[in-house]
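Inside the fold
Take a look at the letters that make up each chain.
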Amino acid sequence: MIMKNFLLKLISIIFVFSLWNSCNNDIDFEINDTLLTFSKDTVYLDTIFTNIGSSTYNLKVYNNSSKNILIPEIKLSNGEDSFYRLNVDGIYNQDTEQDGRFENIELLANDSLYIFIETTIDINEINTEQTSFLYEDKIEFLNSNSTQEVNLISLVKDAVFIYPERYEQNQQFIYETLDIDFDGDGINEQTDIRGRYLNEDELIFTNEKPYVIYGYAAVNNNQELLIEKGSRIHFHENSGLIITNGASIKANGEFSQNQEEQENQIVFEGDRLEPYFENIPGQWGTIWLLDGSINNEFSFCTIKNASVGIYTTGGANFDDYKLDLHNVQIYNSSNFGILSLSSSVNAENLVINKSGQSSFAGTYGGKYKLNHCTISNYWNSGIRQFPSLLFNNFHIDSEENEFVNDLFEVDISNSIIYGNQNIEFLIEKLGDSDLNYKLTNTLLKFNDINNYFENDPIYEFSNDLIYENIFKNLSPGFINAQENDLRINQNSEIIGLGLQEYAIQTPLDILNNNRTINPDLGAYQHIIIQD
């Protein structure tokens, strides 16, 4: 009985399909003699790196006539030599039997079809000495009377590519991985981290071409990576930099007169250049400063769209700070802007925003000095667990073992700690060791609506020994925090609330404006926005 029902259903399906196919074969098409219309007259495929495939773009083609038409031919002007790839009705131009041309494409009356467009361009095959150029072609639509065209344009950039070796073994590809000294004891451990150590002739990144890094590029013991002003460093997915025991990184940009071009700024970001990816978090890994790395410096740098902007471990007991940050901006980190594990960080004019967890997390103790910093978090891509600024003196491992660090020093002055949650500042403590911290002339977002911290001595804001001139829950007057514009306007409630003593230590704000006379809080002096 079951088999009989199945056969009846199968026969019915075959009958319906045959009927539809018969009807479809009865549709008449005639050679197109009218003009098509298009969703756009030029398709811009945005900026791509040489030899890296673009995203897929689309063009919609409309038949606005009352006739079913055949488009005699669709082709690229440059023919088989074109670097563009087309997909029409599910067929790529490379798969056609007409040298990349599409012939007799059917299009019903008052209907439309999609053409999908991609490109991969090898700059070495182009007769040019430029490091970036516009590559152009056209899609041609032929009918019985004329030819219509849609322009295709891509900006192609040459780049320096750094990637691990790839080997074939047992018909599988094996990638080079890094052996790393994680704890500074001089013993390397094998890892599954794809990457390689930079050669000596690769230890200076210039601003002549962008850099594109696949996997992790590591700086070996006693070596120093220098990154020149104006450099652009792009990372593929799951990629980044690792600075190992005894090694350093010095990324020293300079102030840019043209704030649109940012000609002297050093930028670390992902390798997808299309506008859609401009502010997507988590496109690459991190800049990882391992235990034992020393004298790491970043100035006039922008770090965006990482999983963790900077991850630093160890160095809390160094005489000098392990990490110095001056005029650095970190945006759109899917986890942490800065994650520090028992490390030491000195920062001035540091701006962080939109992090999936904390914008700045100083964990397992350490030593931290922040002056004229704007640590904010307006994350809007999901629920976050932690406040904008988090400190604690402990570490809990995967087996729930607790470790406490007696070294805990925090000094914050003339700064802003803010965000879109009620509590944006948190200090956690395990054990009975003393916490050495002092906040001076600083704005805190700390709206304890449930009085959860009311009797906690860590948050005794009336105690001048640890909290001096603290301004709680005032409006900073950010121009557009959701768009990472953390400049403050003339309506800000924190204008002139900075202490001159600390302003003199950092006399210029992040935009090179003098702040020594009447300092505002945070990294920016206020500006006047015209209505």
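Above this text sits the structure in question.
I will try to describe carefully the structure that is included in this document. Residue indices begin from 1 for each chain and proceed along its sequence in written order. Local features are withheld for residues below a pLDDT of 70 in this predicted model, meaning they are given only at 70 or higher, and side-chain atom pairs are given and counted only at 80 or more; totals for whole chains, interfaces and linings count all residues. Side-chain calculation: all heavy atoms of the structure are included, whereas hydrogens and water are not.

**Remarks on the pairing of strand β23 (residues 248-252)**
- Most of β23 is tucked away, with 4 of its 5 residues classed as buried.
- Across 4 bridges, strand β20 (residues 224-227) lies against β23 in parallel orientation. By the bridge assignment, Ile227 is partnered in β23 with Ala251.
- Between any two strands, pairing holds if DSSP finds at least two bridges. Helix numbers and strand numbers start at the N terminus; a helix is a DSSP run of H or I with at least 4 residues, a strand a run of E with at least 2. As judged from the 3 bridges shared by β23 and strand β26 (residues 296-304), these two strands associate in the parallel manner. In the strand pairing of β26, Ala251 is matched with Phe298. In this scheme, a residue with accessible area under 20% of its type's maximum is buried, one over 50% is exposed, and one in between is partly exposed, where area comes from a 1.4 Å probe on protein chains only.

**With respect to the sheet that holds strand β9 (residues 111-119)**
- In space, the 5 strands of this open sheet follow the order β2-β4-β9-β6-β7, with antiparallel pairing throughout. Edge strands, defined here as strands with exactly one partner in the open sheet, are β2 (37-38) and β7 (91-92).
- Where strand β6 (residues 84-88) and β7 come together, 2 bridges link them in antiparallel fashion. Residue Val88 lies in a different strand from β7, and its bridge partner there is Ile91.

**Some words on unusual backbone geometry**
- Positioned with a positive phi, Asn222 is a non-glycine residue whose angle comes to about 65°.
- Here Asn222 shows up in the loop between β19 (216-219) and β20.

**Side note on the packing of aromatic side chains**
- Here a pair means two rings of Phe, Tyr or Trp (six-membered ring of Trp) with centres within 6.5 Å. Their orientation is stacked below 30 degrees between planes, edge-to-face above 60, and tilted elsewhere. Counted under the stated rule, the structure contains 28 aromatic pairs.
- Judged by centre distance (6.3 Å) and plane angle (65°), the rings of Phe255 and Phe300 are edge-to-face. Here Phe300 lies in strand β26 and Phe255 lies in the loop between β23 and β24 (266-270), a separation of 45 residues in the sequence. Taken individually, Phe255 and Phe300 each receive the classification buried, so the pair is uniform in this respect.
- An angle of 85° between the planes, with centres 5.9 Å apart, marks the rings of Phe360 and Tyr368 as edge-to-face. Tyr368 carries the same exposure label as Phe360, and that label is buried.
- Members of the aromatic cluster, connected to one another through ring pairs, are Phe425, Tyr437, Phe446, Tyr452, Phe453, Tyr459, Phe461 and Tyr467.
- It is Lys367 that lies over the ring of Tyr321; its NZ or CZ is 5.2 Å from the centre. Sitting over a ring, as applied to charges here, requires NZ of Lys or CZ of Arg to be within 6 Å of the ring centre and within 35 degrees of the ring normal.

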